[in-house]
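# Remarks on the overall topology
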Amino acid sequence: MSVIIPDDILRASNMTEDELKLEIAILLYQQSKISSGKVRAWTGITVLEFQHELAKRGLHINYDVEDFQSDVRTLQSMGLL
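Notes on the structure follow. Please read these numbers as outputs of a predicted model, since none were measured by experiment.

The next point concerns the nonpolar core. Membership of the largest hydrophobic core is limited to 8 residues, which are Leu22, Ala25, Ile26, Tyr29, Val39, Ile45, Phe50 and Leu54. Going through the elements one at a time, helix 2 (17–30) and helix 4 (47–56) are the ones with two or more residues in this core. If one sorts the elements of this core by residue count, helix 2 sits on top with 4 residues. Dropping the residues within four chain positions of it, Tyr29 is found in contact with Ile34, Ser35, Ser36, Val39, Phe50, Leu54, His60, Ile61 and Asn62.

Here is the structure:
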């Protein structure tokens, strides 16, 4: 599915297509609707660029206790912890 944003909306936003795409992606991430990996894949930004964009907006990476426990289990299964 593709979403078409009319040129007049893009002009009114005073943003480029890539800037608007990033804004939408970060909004969806902030609402926990998509992952950081999906944001980066869709927008083509790196992990560091993504973290910088979040910091500029005063946002934090969505990382909770479940994520931490999952990471610990993964590291344990790899023999790294």
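This next bit is on a nonpolar patch on the surface. There is a patch of nonpolar side chains on the surface, built from Met1, Val3, Ile5, Ile9, Ile24 and Trp42 and spanning about 660 Å² of accessible area. In this fold, Ile9 is placed in helix 1 (residues 7–13).

Peptide bonds are, in most cases, trans, and in most cases residues other than glycine have a negative phi. You will see that Asn14, though not glycine, has its phi angle at about 60 degrees, which is positive. Its location among the elements puts Asn14 in the loop between helix 1 and helix 2. A relative accessible area of 71% means that Asn14 is categorised as exposed. Unusually for a residue other than glycine, Ser32 sits at a positive phi of about 60 degrees. The topology assignment puts Ser32 in the loop between helix 2 and helix 3 (36–43).

Between helix 2 and helix 4, the shortest axis-to-axis distance is 12 Å and the interhelical angle comes to 80 degrees. Taken together, helix 2 and helix 4 sit at an angle that is classed as roughly perpendicular. When helix 2 is examined against helix 4, the residues Leu22, Ile26 and Tyr29 are found in contact with a partner set consisting of Phe50, Glu53 and Leu54. Here the residues of the contact of helix 2 with helix 4 sort into 5 nonpolar, no polar and 1 charged.

Cut-off values and rules
Residues numbered from 1 in each chain as written. Predicted model: local features only at pLDDT ≥ 70, side-chain atom pairs only at ≥ 80, totals over all residues. Heavy atoms only, no water. Core = buried A, V, L, I, M, F, W, Y, C linked by side-chain atoms within 4.5 Å. Buried < 20%, exposed > 50% of the residue type's maximum accessible area, 1.4 Å probe, protein only. Helix = DSSP H or I, 4+ residues; strand = E, 2+ residues; numbered from the N terminus. Contact = heavy atoms within 4.5 Å. Patch = residues over 30% accessible without salt bridge, like charges linked within 9 Å, V, L, I, M, F, W, Y side chains within 5 Å. Areas by Shrake-Rupley, 256 points an atom, 1.4 Å probe, with all protein chains shown as cover. Salt bridge = Lys/Arg side-chain N within 4 Å of Asp/Glu carboxyl O. Axes fitted to C-alpha atoms, helices over the stretch in contact; angles between N-to-C directions. Parallel < 35°, antiparallel > 145°, perpendicular 65-115°, else oblique. Nonpolar A, V, L, I, M, F, W, Y, C, P; charged D, E, K, R; others polar.

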